[in-house]
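Residue strings, one per chain:
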Amino acid sequence: MPRPPIEQSVTFLYSDDLEAHAAFYRDVLELEQVLDQGVCRIFRVSGTSFLGVCNLPHRPRGTQGVMFTFLCEDVEAMYRDLLDKGVTFDGPPDMSGGRTVYSAFFHDPVGYMLEIQEFRDPDWPYPGGRKFRGQAD
């Protein structure tokens with residue numbers, strides 16, 4: 001019997017202030033909350049990707065070594081929108097991630113590193129078959 005396919009993914013981040021942490025993802029990043037488990041809130045990032053924020057006893061502590069990247073079609077537009085909402089970035093969007101990665105970094109209220117990123121690589125499997133904005137049809 002073949003292994004069943006992985007259909008979705010959830011990344012969990014932990015917090016001591018669940019309400020403030022969840023509010024950031026709901027109100028600032030405007031992610032749809034799809035589930036409230038009491039100690040965890042789960043938000044839809046895309047059709048098959050989710051982000052959970054939790055306040056659980058006996059959980060890992062610290063934010064080092066974790067970064068969540070939001071891939072988007074237009075980093076500049078996302079950057080301006082988040083700046084308007086009071087998000088403080090580590091710097092403006094740039095290509096420091098390499099010649100095909102355009103991105104900007106910021107942190108959520110708990111201290112987790114977040115990134116908005118635009119792949120500029122014709123080999124990336126873009127959703128819906130679209131191409132990166134710099135590629136001719």
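Quick note: structure is the one above.
One structure accompanies this document, and this report is about it. (Residues numbered from 1 in each chain as written. Predicted model: local features only at pLDDT ≥ 70, side-chain atom pairs only at ≥ 80, totals over all residues. Heavy atoms only, no water.)

1. Quick notes on the pairing of strand 6 (residues 101-107)
Moving on, step 1. With 5 of 7 residues buried, strand 6 lies mostly within the body of the structure.
Moving on, step 2. The pairing of strand 6 with strand 7 (residues 113-119) spans 7 bridges and is antiparallel. Bridged to Phe106 within strand 7 is Leu114.
Moving on, step 3. Counting the residues in the hairpin turn of strand 6 and strand 7 gives 5 residues, including Gly111, whose phi is positive at 115°. (Buried < 20%, exposed > 50% of the residue type's maximum accessible area, 1.4 Å probe, protein only. Helix = DSSP H or I, 4+ residues; strand = E, 2+ residues; numbered from the N terminus. Pairing = 2+ DSSP bridges.)

2. Remarks on the packing of aromatic side chains
Moving on, step 1. All chains considered together, the criterion is met by 6 aromatic pairs.
Moving on, step 2. Taken together through their ring pairs, the aromatic side chains of Phe24, Tyr25 and Phe43 make up a single cluster.
Moving on, step 3. Sitting over the face of the ring of Tyr102, Arg120 holds its NZ or CZ atom 4.1 Å from the ring centroid. (Phe/Tyr/Trp six-rings, centres within 6.5 Å; stacked < 30°, edge-to-face > 60°. Lys NZ or Arg CZ within 6 Å of the ring centre and 35° of its normal.)

3. Quick word on helix 2 (residues 75-84)
Moving on, step 1. Every buried residue of helix 2 is accounted for by Val75, Tyr79 and Leu82. An end-on view of helix 2 places all buried positions within 70° of arc, on one side of the element.
Moving on, step 2. Summarising the contacts, the buried residues of helix 2 are in contact with helix 1 (18-28), strand 6 and strand 7. (Arc of directions from axis to C-beta. Contact = heavy atoms within 4.5 Å.)

4. Points about the side chain of Arg59
Moving on, step 1. Checked against the element boundaries, Arg59 lands in the loop between strand 4 (49-54) and strand 5 (67-71).
Moving on, step 2. Within the local environment of Arg59, its side chain forms a polar contact with the side chain of Asp16, the two groups lying 2.3 Å apart. (Polar contact = N/O pair within 3.5 Å; in protein donor to acceptor, adjacent residues only side chain to side chain.)

5. Observations concerning the environment of Met113
Moving on, step 1. Tracing the sequence through the fold places Met113 in strand 7.
Moving on, step 2. Of the residues examined, Met113 reaches a relative accessible area of 28% and is grouped as partly exposed.
Moving on, step 3. Through-space distance from the C-alpha of Met113 to that of Val66 is 6.7 Å; in sequence the pair is 47 residues apart.
Moving on, step 4. Each residue touching Met113, except ones within four places of it in the same chain, is listed here: Val66, Met67, Phe68, Asp90, Phe105, Phe106 and His107.

6. Here's the deal with the sheet that holds strand 3 (residues 40-44)
Moving on, step 1. The strand order across the open sheet formed by 4 strands is 1-4-3-2, and the pairing between neighbours is mixed. Of all the strands in the sheet, just strand 1 (9-14) and strand 2 (32-36) have a single pairing partner and so form its edges. Adjacent strand axes in the sheet meet at a mean angle of 25°, parallel and antiparallel pairs treated alike.
Moving on, step 2. The strands that helix 1 touches are strand 1, strand 2, strand 3 and strand 4; relative to strand 3, the one it contacts most, it runs at about 5°. (Axes fitted to C-alpha atoms, helices over the stretch in contact; angles between N-to-C directions.)

7. A short note on the pairing of strand 4
Moving on, step 1. Counting buried positions over the 6 residues of strand 4 gives 6, a clear majority of the element.
Moving on, step 2. Of the two faces of strand 4, the one carrying Ser49, Leu51 and Val53 and the one carrying Phe50, Gly52 and Cys54 are both buried.
Moving on, step 3. Two elements, strand 1 and strand 4, share 6 bridges in a ladder whose sense is parallel. When the bridges of strand 4 are listed, Leu13 appears paired with Val53.
Moving on, step 4. Bridge count between strand 3 and strand 4: 5 bridges; the pairing is antiparallel. Within strand 4, the residue paired with Arg41 across the bridge is Val53.
Moving on, step 5. Two successive antiparallel strands, strand 3 and strand 4, enclose a turn made up of 4 residues.

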